[in-house]
Each structure stands twice: as structure tokens, then as C-alpha cells.
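# Close look at the chain arrangement
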Amino acid sequence: MPFSAPAPSHLAFVPFVSVQNMMALVHTIGIDTFLRELGEYLEADFKRWSEFDKTPRVAAHSAEGVIELMPTSDSSLYGFKYVNGHPKNMKEGLQTVTAFGMLADVASGYPVLLSEMTLLTALRTAATSAMAAKYLAPANAKTMAIIGNGAQSEFQAMAFREIVGIQALRLYDLDRAASEKCARNLSGQGFDITICKTSEEAVEGADIITTVTADKQCATILSDNMVGAGIHINAVGGDCPGKTELQRDILLRSTIFAEYPPQTRIEGEIQQLPEDHPVTELWQVINGEAKGRASDSQITLFDSVGFAIEDFSALRYVRDKLEATGLYEKLDMVADPDDPRDLFGMLQRSKGTDTP
Ligand SMILES: NC(=O)c1ccc[n+]([C@@H]2O[C@H](COP(=O)([O-])OP(=O)(O)OC[C@H]3O[C@@H](n4cnc5c(N)ncnc54)[C@H](O)[C@@H]3O)[C@@H](O)[C@H]2O)c1
């Protein structure tokens, strides 16, 4: 406790989930159960899509990367995430993506949760991709190629095993050390893992292709000739203006599904297409208003960029787990004087007490 007097009221304290407690939470629940339950929270929120305030995220671009704020709210909770994307970070020993976020009570505006979200973003991105694949991938998909074997890759593999039933992984990364790291981390999980020398080799025999590379500019991770009939593409790495992974011709052959088209048209693979190119919103598939996969030969594409409601669902899930696990600290974060108009008096009364 930083001050001996006056003591902050209980409303001043906000539960905070540190990186250490997030890791403990995942281990306590079990990563498979965590991903499955998180998927259920995501589905529940996608089914009530119209209840949310929605806006494309607010992005601050620089030569090196992007910093974004992702807000949304329903009638009782408000949430936002701070997240960055800096592809050059990895070479400097830093994460490409880091994040934190919060939930607040809409009725009072008081924060009710603050959380690390670097790990939580990897978990929610993987659970969202797997949820989409449940509706879009070919029936009985067992083999997934993962192109880009960095920080997100193992999370994708674990979610696709738990939610879709993927058993075999074909890994490719420009840097073989990344594929070896991914294979090492997933050993003992029961996957049949092949490290491939090229992306062409990686997609051979795959039912699902996940692209999760990081580059600040448009890249061609998949070219048209690599994508056969019936494939599902989970395109995760293209998520900024000028940062895409797929050759345009693939998009023209695919049925495209997006989280929130006003944001995806700015950031996703479909930035390569005209504004009016048809896309289906994923929430409509999940609540039965639109078709998912319609035939065995169809190429389905989940043009993932990451949307605020997914972070809201993830924070809601974490919050619901706190009471039972106790895996949080209390942050003295909100100045809450006994007399709400006496903020200055509270400051004065604290003078001379123990300072932090
Ligand atoms: N859609 C979403 O919701 C979402 C969420 C989180 C991250 N992302 C994006 O996913 C991407 C990956 O994130 P990360 O944290 O795993 O990054 P990372 O830097 O840890 O890993 C990226 C990997 O891609 C590899 N790579 C780069 N270019 C390649 C190429 N041409 N072919 C094969 N491999 C290549 C790199 O060697 C590296 O191992 C980023 O672009 C990030 O912005 C998207």
C-alpha cells in the first residue's frame, strides 16, 4: 500500500492481470480449455454483433510500424486495447506485437479490469481464426500449413487442434530457426510436424493455409498457383495499409469473409480490391444469417485483421475467471475521494503521509 492514510476506497482498486498472472491463468485453466472457452465467448459476442458500438481502429503509422487503439462497447461494458505492430522489432530482440487493454463499467465509467494483452492477443487471434475455420474450412480438415513461424504461430496451431481438429502441421519460415523453434515448442503435443524448405512445399496436401508473416510492405506469401480448389486460407499477417500477404488473383477466386469490413477494407487483403467487392461478415455466418463454406471446391478466405470485439470478448473471459483463480493484483488506479467534489482535499490530506 503506497500511503498509510487516507486509505483508498474499494472503488479505487482495479484488478490488474500482469504477464506473470496471465501465464499462470493459462496454465491453471489449461491452454486447450482456455482456447476452447475463449472461442465460446467470441462466438457469443459475434452472435450479438448489433449490440456493439463499432468503429475501425485508430491507427498512428510511422516508417517502422503502427500503434493502434481499438475501442468498443455494449450497454454494460466498454473496452479498448492498445496494440503495436513493428515488423523490424524482432531483429532487435523485441516483440513485433505488444498490447494491453481494459474494461470499464458503462454506467459509472469506472475501470473494472486492466490487463496485459500481448499473450491475450495471441490467444484471441488464434481462437478467432479457429472459430472462423470451424465454419469455413473443408470438413474433416486435418493438415494445416503455417507460413510465418514467429510469436503467433504456435497459438494458431494449438487453437486449430482444439477447435478444428488439425493433427498435421507443415511449417515454413524465411528463417529456418523460427520453424525449428515452432516445432520444438509444439513437440509433445501430438502433432505430426514437417519443416518445409519452401512455401510451395508447405502448402502441399494442406486443407488449411495459415499465413502469419510480418512485413511492413505488401509481400507475396501465397501466389495464385499455390492455392488449389477447396482450400481454406486463414490470412492473419496482412493487417495494415500497404501490408498484405496474398496475390490479388487469389482474392478473385475466393469467397471472402471479414470481421468488420469498414476496417478490413483499409487494412486487410481486400485493400487490393475495389471498395464494392463482395465480402461476407463473419458474424452473419456464425449467427446463421449467411452461408459459410458452400461446396467442396470453394476457396474460402478469412481476411483476418483483428477487431475490437475480439479483444472485448477476451477481456470479458479473463474477468470472469478472476474470482475463482485469484490471479490478479489490485491497482490503486482511480482517485475516489469520500466526497466526490473534494478531490483537492484528498490530495491535501495525503501530504506528509508515507510517500511511495
Ligand atoms: N490478424 C490479427 O488479428 C493479428 C493479430 C496479431 C498479429 N497479427 C500479425 O501477424 C503477423 C505475425 O506476428 P508475429 O507476432 O508472429 O510476428 P513475428 O515477427 O514474431 O513473426 C513473423 C515471422 O514471419 C517470418 N516471415 C517474414 N516474411 C516472411 C516470408 N516472406 N515468408 C515466410 N516467413 C516470413 C519471419 O521470419 C518471422 O519468423 C504480424 O504481421 C502481425 O501484425 C495479426
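For the structure given in this document, a descriptive report is provided here. Treat the numbers as computed from the prediction; the structure is a model and nothing was measured. (Residues numbered from 1 in each chain as written. Predicted model: local features only at pLDDT ≥ 70, side-chain atom pairs only at ≥ 80, totals over all residues.)

### What about the site of the ligand?
Taken together, 28 residues are adjacent to the ligand, and G148, G150, A151, Q152 and G306 come closest. By residue class, the composition of the shell around the ligand is 12 nonpolar, 12 polar and 4 charged. The residues that make up the shell around the ligand include at least three from each of domain 1 (10-119 + 309-344) and domain 2 (132-306). (Near = placed C-beta within 6 Å. Nonpolar A, V, L, I, M, F, W, Y, C, P; charged D, E, K, R; others polar. Domains from an automatic or database assignment.)

### Quick word on the sheet that holds strand β7 (residues 143-147)
One open sheet accounts for 8 strands, arranged β9-β8-β7-β10-β11-β14-β12-β13; its pairing is parallel. The open sheet has two free edges, formed respectively by β9 (192-195) and β13 (280-281), since each of these has just one partner strand. Sheet analysis places strand β10 (residues 208-211) next to strand β11 (residues 232-235), joined by 4 bridges and oriented parallel. Within β11, the position partnered with I209 by the bridge is I233. Packing of helix α5 (residues 176-186) onto the sheet brings it into contact with β8 (168-172) and β9, and relative to β9 it is tilted by some 170 degrees. (Pairing = 2+ DSSP bridges. Helix = DSSP H or I, 4+ residues; strand = E, 2+ residues; numbered from the N terminus. Contact = placed C-beta atoms within 7 Å. Axes fitted to C-alpha atoms, helices over the stretch in contact; angles between N-to-C directions.)

### A look at the pairing of β10
With burial as the criterion, each face of β10 is covered, one bearing I208 and T210 and the other bearing I209 and T211. Examined bridge by bridge, β7 and β10 share 4 bridges and lie parallel to one another. Residue pairing in the sheet places I147 in a bridge with T211 of β10. (Buried ≥ 20, exposed ≤ 12 C-beta atoms within 10 Å, placed from the backbone.)

### Focus: the sheet that holds strand β15 (residues 329-332)
If you trace the 7 strands from one edge of the open sheet to the other, you get β2-β3-β4-β5-β6-β1-β15, paired in mixed fashion. Edge positions in the sheet fall to β2 (58-61) and β15, since each of these pairs with one other strand and no more. Taking the axes of each pair of neighbouring strands and ignoring which way they run, one obtains an average angle of 20 degrees across the sheet. Docked against the sheet, helix α3 (residues 118-136) engages β4 (77-85), β5 (99-105) and β6 (111-116), running at close to 85 degrees with respect to β6.

### Side note on the nonpolar core
In this structure, L123 and F257 are the most contacted members of the largest nonpolar core, which totals 90 residues. Tallying contributions element by element places α3 first for this core, with 10 residues. In terms of domain composition, this core takes at least three residues from each of domain 1 (10-119 + 309-344) and domain 2 (132-306). What F257 contacts, discounting residues up to four positions off in sequence, is A132, L136, V279, T280, L282, V285, T300, L301, F302 and D303. (Core = buried A, V, L, I, M, F, W, Y, C linked by C-beta atoms within 7 Å.)

### Brief notes about unusual backbone geometry
A positive phi is found at N140, a non-glycine position, where the angle reads about 60 degrees. Topologically, N140 is positioned in the loop between α3 and β7. On the basis of neighbour count, N140 is assigned to the exposed category, with 8 C-beta atoms found within 10 Å.

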